[in-house]
Amino acid sequence: LKEQKESSPIMEQLRLLRVGDFKSLPISVRENISIYDAIVTMFTQNVGTLTVVGENQNLKGMVSRKDLLKSALGKTDLQQVPVSIIMTRMPNIIMTTADEPILDAARKLTLHQIDSLPVVEAFIDEKGEERYEVIGRFTKTNVAKIFVQIGTLGKR
Ligand code: ADP
């Protein structure tokens, strides 16, 4: 593996691949949805992480399986408490963009030990503040699929 480090054509090909070509659709909920409904959404949509958005798909936070499990262990009234109370919120969200190389996005997943990155487009809101519109998600599953695709290239 070491000798192949710099010049291998497969590495060069890999560096050209962008998040936008492999991303999945975002599964988003609004901030005021109850923790209970977020759990139901996670099951029905078959995802491990939900993006939490405001108006115009504006990124507010992320909520993961473990966030929901933790809240279900306590005495929290799951039907009453909104997901915004337990989510990881902006500006602490690690994001990616459609034009980011998949290698850099995958590095963010491993470095921060998270399963999913929201794919965003930056925009300026009416107050002149920078916001991020969620346009997709890039997950460990996407990385595994890319790995399998590359491994089976040329095979029939
Ligand atoms: P799980 O906790 O279900 O294993 P993760 O490892 O992705 O899922 O999440 C770990 C923690 O990181 C959770 O508290 C979650 O809210 C938070 N988190 C998830 N995705 C992100 C992200 N893109 N940026 C910052 N924090 C995140």
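One can find the structure itself at the top, above this paragraph.
For the structure given in this document, a descriptive report is provided here. (Residues numbered from 1 in each chain as written. Predicted model: local features only at pLDDT ≥ 70, side-chain atom pairs only at ≥ 80, totals over all residues. Heavy atoms only, no water.)

Some points on the side chain of Thr51
- The topology assignment puts Thr51 in strand β2 (residues 49-53).
- There is a polar contact of 2.6 Å between the side chain of Thr51 and the side chain of Ser28.
- Every residue in contact with Thr51, bar those within four places of it in the chain, is listed here: Ile27, Ser28, Val29, Leu59, Gly61, Met62, Pro118 and Val134. (Helix = DSSP H or I, 4+ residues; strand = E, 2+ residues; numbered from the N terminus. Polar contact = N/O pair within 3.5 Å; in protein donor to acceptor, adjacent residues only side chain to side chain. Contact = heavy atoms within 4.5 Å.)

Let's talk about the site of the ligand
- Close to the ligand lie 14 residues, the nearest being Ser64, Asp67, Thr88, Ile94 and Asp115.
- Take Arg65: an N or O atom from its main chain is 3.3 Å from an oxygen atom of the ligand.
- Ser116 places a polar main-chain atom, nitrogen or oxygen, 3.0 Å from a nitrogen atom of the ligand.
- Considered on its own, the ligand offers 550 Å² of accessible surface; in the complex 83% of this is hidden by protein.
- At three residues, helix α3 (residues 65-73) tops the list of elements feeding residues into the shell around the ligand.
- Split by residue class, the shell around the ligand holds five nonpolar, five polar and four charged. (Near = heavy atom within 4 Å. Areas by Shrake-Rupley, 256 points an atom, 1.4 Å probe, with all protein chains shown as cover. Nonpolar A, V, L, I, M, F, W, Y, C, P; charged D, E, K, R; others polar.)

Read these as layout, nothing more, since geometry by itself doesn't imply function.
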